[in-house]
Amino acid sequence: MKMPTRSKKGFTLVEIMIVVVIIGLLAAMAIPAFQKVRRSSIGKAMANDARQIGAAMQQIALEYPSDSANGSTFTITVQPDGSLESPLTGNIPVNKITEYVKKVSRGTSNTVYTFGGNGGTPAGAFNLTHGQCAPTDVIATSTTNVSTSVGQPVWFDEEGKAL
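Treat the numbers as computed from the prediction; the structure is a model and nothing was measured.

A word on the overall build of the protein chain
Alright, step 1. The secondary structure content of the protein chain amounts to two helices and five strands.
Alright, step 2. When the helices and strands of the protein chain are listed from N to C terminus, the series reads α-β-β-β-β-α-β.
Alright, step 3. Across the 163 residues of the protein chain, 31% fall into the buried class.
Alright, step 4. Here the analysis covers contacts within the protein chain between residues at least 6 apart in sequence; of these, 57% occur between residues at least 24 apart.
Alright, step 5. Accessible surface, the protein chain as shown: approximately 10,400 Å² in total, 60% of it carbon and sulfur.

Here's the deal with the packing of aromatic side chains
Alright, step 1. The tally for this structure, following the rule as stated, stands at two aromatic pairs.
Alright, step 2. Relative to phenylalanine 126, the ring of tyrosine 113 has its centre 5.4 Å away and its plane inclined at 35 degrees; by these criteria the two rings are tilted. Taken together, the residues tyrosine 113 in strand β3 (residues 111-114) and phenylalanine 126 in strand β4 (residues 126-128) connect sequence positions 13 residues apart.
Alright, step 3. Judged by relative accessible area, tyrosine 113 falls into the buried class, the value being 2%.

Re the pattern of salt bridges
Alright, step 1. Scanning the model with the defined rule gives four salt bridges in all.
Alright, step 2. The salt bridge partner of aspartate 81 is lysine 103, with a shortest N-O separation of 3.8 Å. Here aspartate 81 is found in the loop between β1 (73-78) and β2 (84-85), whereas its partner lysine 103 is found in the loop between β2 and β3, with 22 residues between them in sequence.
Alright, step 3. The residue lysine 96 makes a salt bridge to glutamate 99 at a minimum N-O spacing of 3.1 Å.
Alright, step 4. Taking relative accessible area as the criterion, lysine 96 reaches 7% and is therefore assigned buried.

Focus on a nonpolar patch on the surface
Alright, step 1. The grouping of Val14, Ile18, Ile22, Leu26 and Met29 at the surface amounts to a nonpolar patch, some 510 Å² of accessible area in total.
Alright, step 2. On the secondary structure map, isoleucine 22 appears in helix α1 (residues 13-63).
Alright, step 3. The class of isoleucine 22 is partly exposed, set by a relative accessible area of 46%.

Details of the environment of lysine 96
Alright, step 1. The residue lysine 96 is located in the loop between β2 and β3 in this model.
Alright, step 2. Taking the C-alpha atoms as reference, lysine 96 lies 9.5 Å from methionine 57; in sequence the two are 39 residues apart.
Alright, step 3. If sequence neighbours within four positions are ignored, lysine 96 has contacts with Ile60, Glu63, Tyr64 and Ser86.
Alright, step 4. Of the polar contacts made by the side chain of lysine 96, one reaches the side chain of glutamate 63; its length is 2.9 Å.

Each value, and the rule that gives it
- Residues numbered from 1 in each chain as written.
- Predicted model: local features only at pLDDT ≥ 70, side-chain atom pairs only at ≥ 80, totals over all residues.
- Heavy atoms only, no water.
- Helix = DSSP H or I, 4+ residues; strand = E, 2+ residues; numbered from the N terminus.
- Buried < 20%, exposed > 50% of the residue type's maximum accessible area, 1.4 Å probe, protein only.
- Contact = heavy atoms within 4.5 Å.
- Areas by Shrake-Rupley, 256 points an atom, 1.4 Å probe, with all protein chains shown as cover.
- Phe/Tyr/Trp six-rings, centres within 6.5 Å; stacked < 30°, edge-to-face > 60°.
- Salt bridge = Lys/Arg side-chain N within 4 Å of Asp/Glu carboxyl O.
- Patch = residues over 30% accessible without salt bridge, like charges linked within 9 Å, V, L, I, M, F, W, Y side chains within 5 Å.
- Polar contact = N/O pair within 3.5 Å; in protein donor to acceptor, adjacent residues only side chain to side chain.

Next up, the structure:
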């Protein structure tokens with residue numbers, strides 16, 4: 001009587017270990033690349049938000065020149081959903097900025113816009129911060145004075161261009 005032959009279906013332990021190692025190596029290369037792309041896209045969204053805020057503040061300054069005199073500030077509060085709020089400043093109506101900017105990127109911080117500069121502050125300079133973005137993700141520069149730490153503020157001029 002012949003012994004029944006064993007079926008060779010399935011994988012050996014060594015084959016499974018090799019596949020797991022290959023998947024681990026691919027993940028080790030892909031995850032940092034994905035994070036870099038994500039931070040870069042957040043930086044681009046932040047730069048776009050800054051341009052919108054800068055243009056809105058210039059429009060408000062044109063509409064209310066006496067309230068946007070040199071050195072006066074305008075606080076913009078960013079809500080968790082990305083909507084903006086601004087308190088009453090002189091004759092500038094509450095939430096005037098929402099006429100020009102409906103929403104910004106979620107995760108962006110509050111900002112103070114300074115009309116016309118004040119002392120050492122450049123005209124219209126303001127900053128934005130995002131908890132998942134570093135200034136180097138917004139400012140494509142090789143200088144060493146730009147922070148590479150995530151969550152640091154990025155400064156913009158009155159037109160919304162990164163300083």
